[in-house]
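# Examining the three-dimensional arrangement
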Amino acid sequence: MKISHALTLLTLGAALQACGGDDDLHYNTLNGSAPLVIGHRGASGELPEHTLEGYTLAIQQGADCIEPDLVLTKDGEMVARHEPVLDGTTDVAQKFPASRMSTRNLDGISTTAYFASDFTLLEIKTLRATQSRASRPQQFNGLYSIPTLAEVIQVAKSEGAKAGRTVCIYPEIKHSTFHAVDAGFGAHVFEDKLVAALHAAYSNSADAPVFIQSFEVANLQYLNTKTQIKLVQLVDADDVNADGSMSLVAPYHKPYDFVVAGDSRNFADLLSESGLTFIKTYADAVGPWKPYLVKTVNDGVERTGDTTLTINDRRVDGSTGVIERAHGKGLLVHTWTFRNDASGYGFKDPKAEMQYYMRLGVDGLFTDFPATGVAARKDL
Ligand SMILES: [Ca+2]
Ligand SMILES: [Ca+2]
């Protein structure tokens, strides 16, 4: 046991208990505590994403945190959807005429869709969630409604109480610039609403069981002046190139507020020494897409059970150094997204894939299958 870990444990004891991690000290995480299992959009591998039923299942499966992505309705209510459009994850097209669609600039892409910001909460409450992936269970389509943030918080608290532990929530502000400018809500309106709701529910504290995440930067910098709640800078990419390097193609090449502001830095730049130093000035954690974290080698071995050698057949070969670099700055590393039905990238077994990242030292991981994440951690 490292002395620093023993000292850290004294202050982390409450947090460990609160987050449901065990108190083993062999983890390579920033604080030596167990990595968090974050229910990505709920238990979205099994139930339609961003539903109270899906979040409840995630908690029952042992997820430490549940993740609501947030967008604004026409009347400025925060509801849980992955995108500011309703088309892919609800039955909106069956319930509202095409005349209710609009065309808006969505992060530089002209998009015609049913935008949540064109519908009141009352209207959105008439919709039912649908499964967005054809390969996943379809029998729950049409059963569950679209939750507000307040309802998600209520479920985290009530299901956490039933389970005898604190369940954290991990809200993501989706498309901050879009909401401020293109949907017309104004600068920081979304951020102010979120801070008010979270402070009312949890208090303004770094110890609140909450992480706020965003792919944009300026809104997190703004939030850092408004709240002590922990902030997470997400780091995206377009794809992984055949040689294992990251592909940075618009609109996934850089934070959209950097595009608007003419900032030359891309997402990969944010994971350099200077990029992580910059993130540390306003955030507590960094959330890179998982291929940023592991090196891979093309050794010609077929690993995915088919006959085509792809990026997913590459052999993983240790850390790229991003985890260590971020920890060196005092930043937590939370990576995404782990899926039983799409593990790939050097792994056939999704549990083994999660364990590989856990051993490297990630502080948390997002998974559509929280039961697998909890089992991976238990058997580490
Ligand atoms: Ca998200
Ligand atoms: Ca293959």
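Everything discussed here concerns the structure shown above.
Since the structure is predicted, the reported quantities are computational estimates derived from the model, not experimental observations.

That bond from alanine 250 to proline 251 is cis: its omega, 5 degrees, falls within 30 degrees of zero. Looking at the element boundaries, proline 251 is found in the loop between β12 (246-247) and α9 (256-261). Following tryptophan 336, the chain continues into threonine 337 via a peptide bond in cis, with omega recorded as -15 degrees. One can find threonine 337 in strand β16 (residues 332-338). With phi around 50 degrees, histidine 175 is a residue other than glycine that occupies positive phi space.

Bringing the coordination of the calcium ion (ligand 1) into the picture now. Taken together, Glu67 (OE), Asp69 (OD), Asp69 (OD) and Glu172 (OE) make up the full set of protein donors to the calcium ion (ligand 1), lying 2.1 to 3.1 Å away. Mapping the donors of the calcium ion (ligand 1) onto the primary sequence gives the spacing E-x1-D-x102-E. In this pair, glutamate 67 sits in strand β2 (residues 65-67) while glutamate 172 sits in strand β8 (residues 172-173), placing the two residues 105 residues apart along the sequence. Given the relative accessible area of 2%, glutamate 67 is considered buried. With relative accessibility at 4%, the residue glutamate 172 sits in the buried group.

The next point concerns the nonpolar core. Ile66, Ile169, Leu198, Ile212, Ile279 and Tyr292 are the most contacted members of the largest nonpolar core, which totals 89 residues. If we ignore the near neighbours within four places in the chain, the residues touching isoleucine 66 are Gly39, Tyr55, Ala58, Ile59, Val152, Ala156, Val167, Cys168, Ile169 and Tyr170. One finds Val92, Phe119, Leu127 and Ala129 within the second-largest nonpolar core, a separate group that totals 13 residues.

A few words now on the environment of glutamate 172. When the C-alpha atoms of glutamate 172 and leucine 194 are compared, they prove to be 9.9 Å apart, with 22 residues separating the residues in sequence. Once you skip the residues sitting within four places of it in the chain, glutamate 172 turns out to touch Glu67, Pro68, Asp69, Leu70, Gln213, Phe215 and Leu234. There is a polar contact of 3.1 Å between the side chain of glutamate 172 and the side chain of lysine 174.

Take threonine 29: it is sitting in the loop between α1 (3-19) and β1 (36-40). We classify threonine 29 as buried; its relative accessible area is 5%. Polar side-chain contacts of threonine 29 include one of 2.6 Å to the backbone oxygen of serine 33. Among residues more than four places away in sequence, those in contact with threonine 29 are Pro35, His327, Gly361, Val362 and Asp363.

Reading guide: rules and limits
Residues numbered from 1 in each chain as written. Chains lettered and ligands numbered in written order. Predicted model: local features only at pLDDT ≥ 70, side-chain atom pairs only at ≥ 80, totals over all residues. Heavy atoms only, no water. Helix = DSSP H or I, 4+ residues; strand = E, 2+ residues; numbered from the N terminus. Donors = N, O, S within 2.8 Å, 3.2 Å for Na, K, Ca; no water. Buried < 20%, exposed > 50% of the residue type's maximum accessible area, 1.4 Å probe, protein only. Core = buried A, V, L, I, M, F, W, Y, C linked by side-chain atoms within 4.5 Å. Contact = heavy atoms within 4.5 Å. Polar contact = N/O pair within 3.5 Å; in protein donor to acceptor, adjacent residues only side chain to side chain.

Nothing here speaks to function; it is geometry throughout.
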